[in-house]
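What follows is each chain in one-letter form.
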Amino acid sequence: MDKCLLLCVLLFSSYSHVSAHYYPSKNTLVSSVTKNAILPIFTFTLNTNEEYFIHIAGPFLVRSCNDGLPRPIIPCGSATCALTRRLSPHQCPPTQNTIINGRCACQATAFEPFQRLCNSNQYTYGDFSMSSLNPRSPSLTFNNVKYLCIPKPFLIDFPPGVLGLAGLAPTALATWNQLTPPRLGLEKKFALCLPSDTNKGAIFFGGGPYKLGNTDARSMLTYTQLIKNPRRLNNYFLRLKGIFVNGEKILLAQNAFGFDGKGDGGVTLSTVTPFTTLRSDIYKVFTEAFSKATSDIPRVNSTTPLEFCFKSTEHFQVPQIDMKFADGKIWKVIAANSMKKISDDVACLAFLNGGDAAAQAVVIGMHQMENTLLEFDVGRSAFGFSCSLGLVNASCGDFQTKP
(Lines give C-alpha, C1' and ligand atoms only; values in the text may rest on other atoms or scores of the structure.)
Protein backbone atom coordinates (compact mmCIF):
# COMPACT_ATOMS: atom_id res chain seq x y z
CA MET A 1 0.00 0.00 0.00
CA ASP A 2 1.25 3.49 -0.85
CA LYS A 3 2.89 5.19 2.16
CA CYS A 4 0.68 8.29 2.03
CA LEU A 5 -2.47 6.22 1.58
CA LEU A 6 -1.45 4.00 4.49
CA LEU A 7 -0.95 7.08 6.69
CA CYS A 8 -4.38 8.42 5.71
CA VAL A 9 -6.08 5.12 6.54
CA LEU A 10 -4.23 4.76 9.84
CA LEU A 11 -5.11 8.30 10.92
CA PHE A 12 -8.74 7.74 10.01
CA SER A 13 -8.85 4.44 11.86
CA SER A 14 -7.09 5.71 14.97
CA TYR A 15 -9.72 8.39 15.51
CA SER A 16 -12.77 6.43 14.40
CA HIS A 17 -13.48 5.02 17.86
CA VAL A 18 -13.94 8.48 19.40
CA SER A 19 -17.58 9.08 20.25
CA ALA A 20 -19.09 12.28 18.86
CA HIS A 21 -20.21 13.53 22.27
CA TYR A 22 -16.56 14.05 23.27
CA TYR A 23 -16.20 16.92 20.82
CA PRO A 24 -16.19 20.40 22.37
CA SER A 25 -19.25 22.59 21.79
CA LYS A 26 -17.58 25.10 19.50
CA ASN A 27 -19.26 27.74 17.37
CA THR A 28 -17.93 26.28 14.11
CA LEU A 29 -20.15 27.54 11.30
CA VAL A 30 -21.32 24.89 8.88
CA SER A 31 -23.50 24.31 5.86
CA SER A 32 -24.11 21.47 3.47
CA VAL A 33 -22.78 22.01 -0.06
CA THR A 34 -24.73 21.17 -3.21
CA LYS A 35 -23.35 20.45 -6.66
CA ASN A 36 -25.53 22.30 -9.12
CA ALA A 37 -26.96 20.41 -12.09
CA ILE A 38 -27.22 23.46 -14.40
CA LEU A 39 -23.97 25.38 -13.99
CA PRO A 40 -20.63 23.87 -12.85
CA ILE A 41 -20.89 25.47 -9.42
CA PHE A 42 -21.23 24.50 -5.77
CA THR A 43 -23.54 26.33 -3.39
CA PHE A 44 -24.10 26.59 0.36
CA THR A 45 -26.75 28.19 2.57
CA LEU A 46 -26.91 31.51 4.40
CA ASN A 47 -29.96 33.06 6.08
CA THR A 48 -31.66 29.67 6.45
CA ASN A 49 -32.73 29.28 2.82
CA GLU A 50 -30.59 31.49 0.58
CA GLU A 51 -28.14 29.65 -1.67
CA TYR A 52 -24.78 31.26 -2.48
CA PHE A 53 -22.29 30.13 -5.09
CA ILE A 54 -18.82 29.27 -3.67
CA HIS A 55 -16.09 31.33 -5.34
CA ILE A 56 -12.73 30.98 -3.59
CA ALA A 57 -11.23 33.81 -5.66
CA GLY A 58 -14.13 36.22 -5.09
CA PRO A 59 -13.22 39.21 -2.86
CA PHE A 60 -16.80 40.09 -1.77
CA LEU A 61 -20.09 38.65 -0.67
CA VAL A 62 -22.45 39.48 -3.54
CA ARG A 63 -26.23 39.41 -3.19
CA SER A 64 -28.96 39.87 -5.77
CA CYS A 65 -31.25 42.72 -4.69
CA ASN A 66 -33.52 44.28 -7.28
CA ASP A 67 -36.38 45.16 -4.94
CA GLY A 68 -35.66 48.90 -5.07
CA LEU A 69 -35.50 49.19 -1.28
CA PRO A 70 -33.02 51.69 0.24
CA ARG A 71 -29.98 50.20 1.91
CA PRO A 72 -27.40 51.58 4.36
CA ILE A 73 -24.71 53.74 2.80
CA ILE A 74 -21.01 53.09 3.25
CA PRO A 75 -19.31 56.51 2.79
CA CYS A 76 -17.01 56.98 -0.17
CA GLY A 77 -14.22 58.24 2.07
CA SER A 78 -14.33 55.29 4.47
CA ALA A 79 -11.53 52.78 4.93
CA THR A 80 -13.94 50.05 3.81
CA CYS A 81 -14.60 51.78 0.51
CA ALA A 82 -10.87 52.28 -0.05
CA LEU A 83 -10.34 48.57 0.53
CA THR A 84 -12.90 47.64 -2.13
CA ARG A 85 -10.73 49.49 -4.66
CA ARG A 86 -7.67 47.41 -3.76
CA LEU A 87 -9.69 44.21 -4.13
CA SER A 88 -11.54 45.11 -7.32
CA PRO A 89 -11.30 42.25 -9.86
CA HIS A 90 -8.39 42.82 -12.23
CA GLN A 91 -10.61 41.92 -15.20
CA CYS A 92 -12.81 44.99 -14.57
CA PRO A 93 -12.43 48.76 -15.16
CA PRO A 94 -12.02 51.16 -12.21
CA THR A 95 -15.13 51.55 -10.04
CA GLN A 96 -16.93 54.90 -9.78
CA ASN A 97 -18.94 55.89 -6.70
CA THR A 98 -22.48 57.26 -6.84
CA ILE A 99 -24.68 59.79 -5.06
CA ILE A 100 -27.67 58.57 -3.01
CA ASN A 101 -29.91 61.17 -1.35
CA GLY A 102 -27.18 63.75 -1.59
CA ARG A 103 -24.51 61.51 -0.01
CA CYS A 104 -21.53 59.95 -1.71
CA ALA A 105 -22.18 56.20 -1.52
CA CYS A 106 -19.49 53.56 -2.00
CA GLN A 107 -19.79 51.31 -5.00
CA ALA A 108 -17.84 48.13 -5.64
CA THR A 109 -17.41 45.85 -8.64
CA ALA A 110 -18.05 42.13 -9.04
CA PHE A 111 -16.88 39.87 -11.86
CA GLU A 112 -19.28 37.14 -12.97
CA PRO A 113 -16.94 34.39 -14.25
CA PHE A 114 -19.34 32.51 -16.53
CA GLN A 115 -20.58 35.37 -18.70
CA ARG A 116 -17.33 37.23 -17.88
CA LEU A 117 -19.26 40.37 -16.98
CA CYS A 118 -18.30 43.22 -14.65
CA ASN A 119 -20.99 45.06 -12.72
CA SER A 120 -20.71 47.90 -10.23
CA ASN A 121 -23.35 48.76 -7.66
CA GLN A 122 -23.85 49.86 -4.09
CA TYR A 123 -21.63 48.35 -1.42
CA THR A 124 -23.71 48.14 1.72
CA TYR A 125 -24.21 46.06 4.87
CA GLY A 126 -26.86 43.97 6.62
CA ASP A 127 -27.52 40.92 8.78
CA PHE A 128 -26.57 37.39 7.74
CA SER A 129 -26.96 34.11 9.60
CA MET A 130 -25.37 30.68 9.28
CA SER A 131 -25.82 27.37 11.04
CA SER A 132 -23.46 26.36 13.84
CA LEU A 133 -22.31 23.02 15.24
CA ASN A 134 -22.86 24.33 18.76
CA PRO A 135 -26.12 22.74 20.02
CA ARG A 136 -26.61 25.71 22.35
CA SER A 137 -26.44 28.13 19.40
CA PRO A 138 -27.55 26.19 16.29
CA SER A 139 -27.67 29.40 14.25
CA LEU A 140 -25.57 32.54 14.61
CA THR A 141 -26.54 35.96 13.24
CA PHE A 142 -23.92 38.51 12.27
CA ASN A 143 -24.70 42.22 12.07
CA ASN A 144 -23.24 44.75 9.67
CA VAL A 145 -21.92 42.18 7.23
CA LYS A 146 -20.73 44.06 4.16
CA TYR A 147 -21.90 42.93 0.77
CA LEU A 148 -22.25 44.08 -2.81
CA CYS A 149 -25.86 44.64 -3.85
CA ILE A 150 -26.20 43.59 -7.50
CA PRO A 151 -29.34 43.77 -9.67
CA LYS A 152 -30.68 40.41 -10.73
CA PRO A 153 -29.80 40.69 -14.46
CA PHE A 154 -26.12 40.40 -13.48
CA LEU A 155 -26.88 36.95 -12.11
CA ILE A 156 -29.28 35.96 -14.88
CA ASP A 157 -27.43 32.74 -15.77
CA PHE A 158 -27.41 31.55 -12.20
CA PRO A 159 -29.73 28.61 -11.54
CA PRO A 160 -33.06 29.21 -9.78
CA GLY A 161 -32.65 29.60 -6.04
CA VAL A 162 -29.06 30.85 -6.20
CA LEU A 163 -29.23 34.34 -4.76
CA GLY A 164 -25.63 35.42 -4.95
CA LEU A 165 -21.93 34.74 -4.78
CA ALA A 166 -19.93 34.07 -1.60
CA GLY A 167 -16.41 35.31 -2.20
CA LEU A 168 -13.89 33.31 -0.15
CA ALA A 169 -10.69 35.05 -1.25
CA PRO A 170 -7.86 35.72 1.26
CA THR A 171 -9.16 39.25 1.86
CA ALA A 172 -10.64 41.28 4.72
CA LEU A 173 -14.05 41.63 3.05
CA ALA A 174 -14.43 37.99 2.05
CA THR A 175 -17.43 36.07 3.39
CA TRP A 176 -15.44 33.68 5.59
CA ASN A 177 -13.49 36.55 7.18
CA GLN A 178 -16.57 38.57 8.08
CA LEU A 179 -18.27 35.53 9.65
CA THR A 180 -15.36 34.43 11.87
CA PRO A 181 -15.03 37.07 14.63
CA PRO A 182 -12.44 36.02 17.25
CA ARG A 183 -14.84 37.03 20.06
CA LEU A 184 -16.81 33.87 19.26
CA GLY A 185 -13.73 31.69 19.46
CA LEU A 186 -13.62 31.29 15.68
CA GLU A 187 -10.32 30.95 13.83
CA LYS A 188 -9.39 32.69 10.59
CA LYS A 189 -9.86 29.68 8.38
CA PHE A 190 -12.44 27.78 6.37
CA ALA A 191 -12.67 24.25 5.03
CA LEU A 192 -14.71 22.68 2.28
CA CYS A 193 -15.46 19.29 0.84
CA LEU A 194 -16.93 19.42 -2.66
CA PRO A 195 -19.18 16.46 -3.49
CA SER A 196 -18.40 14.41 -6.57
CA ASP A 197 -22.02 13.50 -7.26
CA THR A 198 -25.55 14.38 -6.21
CA ASN A 199 -24.72 13.78 -2.55
CA LYS A 200 -24.15 16.75 -0.29
CA GLY A 201 -20.77 18.17 0.66
CA ALA A 202 -19.83 20.48 3.52
CA ILE A 203 -18.28 23.87 4.24
CA PHE A 204 -16.98 25.06 7.62
CA PHE A 205 -16.03 28.55 8.80
CA GLY A 206 -13.90 29.20 11.87
CA GLY A 207 -12.02 25.93 12.32
CA GLY A 208 -12.90 22.40 13.34
CA PRO A 209 -13.82 19.93 14.45
CA TYR A 210 -14.80 18.51 11.06
CA LYS A 211 -16.91 15.57 12.11
CA LEU A 212 -16.71 12.75 9.59
CA GLY A 213 -18.82 10.10 11.25
CA ASN A 214 -17.09 9.64 14.61
CA THR A 215 -13.83 11.03 13.28
CA ASP A 216 -12.35 14.52 13.48
CA ALA A 217 -11.10 14.76 9.90
CA ARG A 218 -8.47 17.33 10.88
CA SER A 219 -6.34 14.29 11.67
CA MET A 220 -6.30 13.45 7.95
CA LEU A 221 -4.93 16.79 6.75
CA THR A 222 -1.46 17.35 5.32
CA TYR A 223 -0.37 20.99 5.27
CA THR A 224 1.68 23.02 2.84
CA GLN A 225 2.28 26.75 2.56
CA LEU A 226 -0.11 29.31 1.07
CA ILE A 227 1.81 32.07 -0.68
CA LYS A 228 0.79 35.56 -1.78
CA ASN A 229 1.01 37.24 -5.14
CA PRO A 230 0.86 41.06 -4.74
CA ARG A 231 -0.54 41.31 -8.28
CA ARG A 232 -3.37 38.84 -7.60
CA LEU A 233 -4.62 39.55 -4.08
CA ASN A 234 -7.85 37.57 -4.56
CA ASN A 235 -6.21 34.21 -5.28
CA TYR A 236 -4.71 31.47 -3.14
CA PHE A 237 -1.34 30.29 -4.47
CA LEU A 238 0.68 27.16 -3.73
CA ARG A 239 4.43 26.61 -4.12
CA LEU A 240 4.39 23.63 -6.48
CA LYS A 241 7.75 22.04 -7.21
CA GLY A 242 6.93 19.19 -9.56
CA ILE A 243 4.33 16.94 -11.17
CA PHE A 244 4.82 13.18 -11.23
CA VAL A 245 3.11 10.63 -13.47
CA ASN A 246 3.36 7.01 -12.37
CA GLY A 247 6.10 8.02 -9.94
CA GLU A 248 8.27 9.76 -12.55
CA LYS A 249 8.79 13.51 -12.49
CA ILE A 250 7.91 15.27 -15.73
CA LEU A 251 10.75 17.42 -17.06
CA LEU A 252 9.93 21.12 -17.12
CA ALA A 253 11.81 24.40 -17.08
CA GLN A 254 13.16 25.23 -13.61
CA ASN A 255 10.78 28.21 -13.17
CA ALA A 256 7.76 26.62 -14.87
CA PHE A 257 5.52 27.16 -11.82
CA GLY A 258 6.90 30.56 -10.79
CA PHE A 259 5.58 34.10 -11.21
CA ASP A 260 6.83 36.43 -13.91
CA GLY A 261 7.49 40.15 -13.50
CA LYS A 262 3.83 41.00 -14.16
CA GLY A 263 2.52 38.63 -11.49
CA ASP A 264 1.32 36.06 -14.02
CA GLY A 265 2.09 32.38 -13.56
CA GLY A 266 2.02 30.50 -10.29
CA VAL A 267 -0.25 27.70 -9.12
CA THR A 268 -3.72 28.55 -7.80
CA LEU A 269 -7.07 26.87 -7.06
CA SER A 270 -10.46 27.63 -8.55
CA THR A 271 -14.12 26.79 -7.93
CA VAL A 272 -15.14 28.17 -11.33
CA THR A 273 -12.73 26.01 -13.38
CA PRO A 274 -14.20 22.53 -13.89
CA PHE A 275 -10.90 20.74 -14.61
CA THR A 276 -7.29 21.48 -13.75
CA THR A 277 -5.84 23.69 -16.46
CA LEU A 278 -2.16 23.72 -17.38
CA ARG A 279 -0.27 26.30 -19.43
CA SER A 280 0.65 24.83 -22.82
CA ASP A 281 4.32 24.11 -22.08
CA ILE A 282 3.34 22.14 -18.96
CA TYR A 283 0.32 20.46 -20.57
CA LYS A 284 2.39 19.17 -23.50
CA VAL A 285 4.99 17.46 -21.33
CA PHE A 286 2.38 16.21 -18.86
CA THR A 287 0.16 14.60 -21.52
CA GLU A 288 3.16 13.06 -23.26
CA ALA A 289 4.12 11.38 -19.98
CA PHE A 290 0.54 10.26 -19.36
CA SER A 291 0.20 8.90 -22.90
CA LYS A 292 3.41 6.92 -22.47
CA ALA A 293 2.21 5.50 -19.15
CA THR A 294 -1.14 4.47 -20.68
CA SER A 295 0.14 3.14 -24.01
CA ASP A 296 -1.50 -0.22 -23.34
CA ILE A 297 -4.99 1.29 -22.91
CA PRO A 298 -7.04 1.71 -26.13
CA ARG A 299 -7.70 5.35 -27.03
CA VAL A 300 -11.07 6.62 -28.27
CA ASN A 301 -12.21 9.89 -29.80
CA SER A 302 -11.85 13.00 -27.65
CA THR A 303 -14.88 14.56 -25.94
CA THR A 304 -14.93 18.36 -25.81
CA PRO A 305 -13.23 19.91 -23.91
CA LEU A 306 -11.22 16.84 -22.87
CA GLU A 307 -8.57 15.67 -25.31
CA PHE A 308 -7.25 12.33 -24.07
CA CYS A 309 -9.98 9.71 -23.81
CA PHE A 310 -9.70 5.99 -23.24
CA LYS A 311 -11.77 2.83 -23.48
CA SER A 312 -12.83 2.09 -19.92
CA THR A 313 -13.16 -1.54 -18.85
CA GLU A 314 -13.99 -3.31 -15.60
CA HIS A 315 -10.30 -3.46 -14.62
CA PHE A 316 -9.43 -0.04 -16.04
CA GLN A 317 -6.34 1.40 -14.30
CA VAL A 318 -4.50 4.64 -14.97
CA PRO A 319 -1.28 5.96 -13.44
CA GLN A 320 -1.41 8.06 -10.30
CA ILE A 321 -0.61 11.75 -10.62
CA ASP A 322 1.29 13.43 -7.80
CA MET A 323 1.73 17.15 -7.16
CA LYS A 324 4.82 17.70 -5.01
CA PHE A 325 5.18 21.00 -3.18
CA ALA A 326 8.38 22.84 -2.28
CA ASP A 327 8.23 21.55 1.32
CA GLY A 328 8.10 17.95 0.10
CA LYS A 329 4.38 17.42 0.79
CA ILE A 330 2.54 15.47 -1.91
CA TRP A 331 -1.06 15.79 -3.08
CA LYS A 332 -1.94 12.46 -4.65
CA VAL A 333 -4.51 12.61 -7.45
CA ILE A 334 -6.12 9.18 -7.81
CA ALA A 335 -8.12 7.98 -10.82
CA ALA A 336 -11.44 9.25 -9.44
CA ASN A 337 -10.03 12.80 -9.59
CA SER A 338 -7.72 12.53 -12.60
CA MET A 339 -10.27 10.93 -14.94
CA LYS A 340 -13.77 12.02 -15.93
CA LYS A 341 -16.19 9.20 -16.69
CA ILE A 342 -18.07 10.08 -19.88
CA SER A 343 -20.02 6.85 -20.32
CA ASP A 344 -19.91 3.24 -19.16
CA ASP A 345 -17.00 2.50 -21.48
CA VAL A 346 -15.26 5.89 -21.94
CA ALA A 347 -13.18 7.93 -19.50
CA CYS A 348 -11.10 11.02 -20.26
CA LEU A 349 -8.09 12.64 -18.65
CA ALA A 350 -9.61 15.56 -16.72
CA PHE A 351 -6.92 18.14 -17.46
CA LEU A 352 -7.11 20.99 -19.96
CA ASN A 353 -4.67 22.94 -22.13
CA GLY A 354 -4.85 26.58 -20.99
CA GLY A 355 -2.84 27.88 -23.96
CA ASP A 356 0.48 29.69 -24.23
CA ALA A 357 -0.87 32.90 -22.70
CA ALA A 358 -2.57 31.33 -19.66
CA ALA A 359 -2.63 33.76 -16.74
CA GLN A 360 -1.50 31.02 -14.33
CA ALA A 361 0.85 28.10 -14.85
CA VAL A 362 -1.59 25.72 -13.16
CA VAL A 363 -5.19 26.23 -12.03
CA ILE A 364 -6.32 23.32 -9.88
CA GLY A 365 -9.94 22.78 -10.85
CA MET A 366 -13.04 21.50 -9.12
CA HIS A 367 -12.88 17.91 -10.37
CA GLN A 368 -9.47 17.42 -8.76
CA MET A 369 -10.76 18.90 -5.46
CA GLU A 370 -13.91 16.79 -5.22
CA ASN A 371 -14.38 14.30 -2.37
CA THR A 372 -11.33 15.73 -0.60
CA LEU A 373 -11.30 17.82 2.56
CA LEU A 374 -9.48 21.12 1.94
CA GLU A 375 -8.68 23.64 4.66
CA PHE A 376 -7.63 27.24 3.94
CA ASP A 377 -5.93 28.32 7.16
CA VAL A 378 -5.45 31.94 6.17
CA GLY A 379 -4.32 32.96 9.66
CA ARG A 380 -1.32 30.63 9.41
CA SER A 381 -0.88 30.88 5.62
CA ALA A 382 -1.36 27.12 5.41
CA PHE A 383 -3.33 24.89 3.04
CA GLY A 384 -4.47 21.50 4.30
CA PHE A 385 -5.58 18.62 2.09
CA SER A 386 -6.69 15.09 2.84
CA CYS A 387 -6.44 11.99 0.73
CA SER A 388 -9.48 11.20 -1.40
CA LEU A 389 -12.21 10.23 1.07
CA GLY A 390 -13.17 7.33 -1.16
CA LEU A 391 -9.96 5.62 -0.07
CA VAL A 392 -11.35 5.34 3.47
CA ASN A 393 -14.85 4.40 2.29
CA ALA A 394 -16.22 7.86 3.07
CA SER A 395 -17.51 10.83 1.11
CA CYS A 396 -18.17 14.53 1.59
CA GLY A 397 -21.78 13.65 2.39
CA ASP A 398 -20.66 11.93 5.60
CA PHE A 399 -19.65 15.18 7.31
CA GLN A 400 -21.86 16.32 10.16
CA THR A 401 -23.58 19.58 9.20
CA LYS A 402 -26.08 19.78 12.07
CA PRO A 403 -25.49 20.08 15.86
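Conventions used here
- Residues numbered from 1 in each chain as written.
- Predicted model: local features only at pLDDT ≥ 70, side-chain atom pairs only at ≥ 80, totals over all residues.
- Heavy atoms only, no water.
- UniProt positions renumbered as here; feature names shortened; annotations may be inferred.
- Salt bridge = Lys/Arg side-chain N within 4 Å of Asp/Glu carboxyl O.
- Helix = DSSP H or I, 4+ residues; strand = E, 2+ residues; numbered from the N terminus.
- Buried < 20%, exposed > 50% of the residue type's maximum accessible area, 1.4 Å probe, protein only.
- Contact = heavy atoms within 4.5 Å.
- Pairing = 2+ DSSP bridges.
- Phe/Tyr/Trp six-rings, centres within 6.5 Å; stacked < 30°, edge-to-face > 60°.
- Lys NZ or Arg CZ within 6 Å of the ring centre and 35° of its normal.
- Core = buried A, V, L, I, M, F, W, Y, C linked by side-chain atoms within 4.5 Å.

- An unreviewed UniProt entry lists the protein chain under the name Peptidase A1 domain-containing protein, from Brassica napus.
- The UniProt entry for the protein chain carries this comment under Sequence similarities (unreviewed entry): "Belongs to the peptidase A1 family."

**Brief notes about the pattern of salt bridges**
Stage number 1. What the rule picks out here adds up to 11 salt bridges.
Stage number 2. Its salt-bridge partner being Glu370, residue Lys35 comes within 3.0 Å of it at the nearest N-O pair. Taken together, the residues Lys35 in strand β1 (residues 29-35) and Glu370 in the loop between α6 (366-369) and β29 (373-377) connect sequence positions 335 residues apart.
Stage number 3. Judged by relative accessible area, which is 30%, Lys35 ranks as partly exposed.
Stage number 4. Classification of Glu370 by relative accessible area gives buried; the value is 6%.
Stage number 5. Where Lys189 meets Glu375, a salt bridge forms, and the shortest distance between an N and an O atom there is 3.9 Å. With Lys189 in the loop between α3 (175-178) and β11 (190-193) and Glu375 in strand β29, this pair connects stretches of sequence that are 186 residues apart.
Stage number 6. Residue classification places Glu375 among the buried residues on the basis of a relative accessible area of 0%.
Stage number 7. A single network of salt bridges, built from pairs that share partners, joins Glu187, Lys189, Glu375, Asp377 and Arg380.

**With respect to unusual backbone geometry**
Stage number 1. Residue Pro209 is bonded to the preceding Gly208 through a cis peptide linkage, with omega at 10°.
Stage number 2. For the bond running from Thr304 to Pro305, omega is 5°, close enough to zero to count as cis.
Stage number 3. By the secondary structure assignment, Pro305 is in the loop between β21 (299-300) and β22 (309-311).
Stage number 4. Although it is not a glycine, Asn101 sits at a positive phi angle of roughly 50°.
Stage number 5. With respect to the helices and strands, Asn101 occurs in the loop between β5 (98-100) and β6 (103-105).
Stage number 6. On the basis of relative accessible area, Asn101 is assigned to the exposed category, the value being 76%.

**Re the side chain of Asn235**
Stage number 1. Secondary-structure assignment places Asn235 in the loop between β15 (222-227) and β16 (237-238).
Stage number 2. In this structure Asn235 comes out as buried when scored by relative accessible area, which is 17%.
Stage number 3. Asn235 has contacts with Ala57, Pro170 and Thr268, leaving out every residue within four places of it along the chain.

**Quick notes on the sheet that holds strand β25 (residues 339-343)**
Stage number 1. The strand order across the open sheet formed by four strands is β21-β22-β26-β25, and the pairing between neighbours is antiparallel. In this open sheet, the two edge strands, each paired with only one partner strand, are β21 and β25.
Stage number 2. Here β21 runs beside β22; their pairing, made up of two bridges, is antiparallel. Of the residues in β22, the one forming a bridge with Val300 is Cys309.

**Some details on the pairing of β1**
Stage number 1. Two strands pair when backbone bridges link them, and β1 and strand β12 (residues 201-205) are joined in this way by five bridges, in the antiparallel orientation. The residue bridging Leu29 from the neighbouring strand is Phe205, located in β12.
Stage number 2. Where β1 lies against strand β2 (residues 42-46), two bridges are found, and the strand directions are antiparallel. Each bridged residue has a counterpart across the sheet, and for Thr34 the counterpart in β2 is Thr43.

**Things to note about the packing of aromatic side chains**
Stage number 1. Throughout the structure, instances matching the rule amount to 22 aromatic pairs.
Stage number 2. The interplanar angle of 55° and the centroid separation of 5.5 Å between the aromatic rings of Phe60 and Tyr123 together place this pair among those described as tilted. Taken together, the positions of Phe60 in the loop between β3 (50-55) and β4 (61-64) and Tyr123 in strand β8 (residues 117-131) put the pair 63 residues apart, joining distant regions of the chain.
Stage number 3. By relative accessible area, Phe60 is classed as buried at 2%.
Stage number 4. Centre to centre, the rings of Trp176 and Phe190 are 6.2 Å apart; their planes meet at 35°, and the pair counts as tilted. Here the residue Trp176 occupies a position in helix α3, and Phe190 occupies one in strand β11, the gap between them amounting to 14 residues.
Stage number 5. Taking relative accessible area as the criterion, Trp176 reaches 3% and is therefore assigned buried.
Stage number 6. Residue Phe190 is classed as buried on the basis of its relative accessible area of 0%.
Stage number 7. Feature note: the residues Phe44, Trp176, Phe190, Phe205, Tyr236, Phe325, Trp331, Phe376, Phe383 and Phe385 constitute an aromatic cluster, connected by ring pairs.
Stage number 8. In this structure, Arg299 is placed above the aromatic ring of Phe310, and the distance from its NZ or CZ to the ring centre is 5.6 Å.
Stage number 9. Against the face of Tyr223 rests Arg380, its NZ or CZ located 5.3 Å from the ring centre.

**Regarding the nonpolar core**
Stage number 1. Within the largest apolar cluster, 66 residues are counted, with the highest numbers of intra-cluster contacts made by Phe44, Phe205, Leu269 and Trp331.
Stage number 2. Beyond its immediate sequence surroundings of up to four residues, Leu269 is in contact with Ile56, Tyr236, Leu238, Trp331, Ile364, Met369, Phe376 and Phe383.
Stage number 3. Of all hydrophobic cores here, the second largest spans 21 residues; its members include Phe53, Leu83, Cys106 and Ala110.

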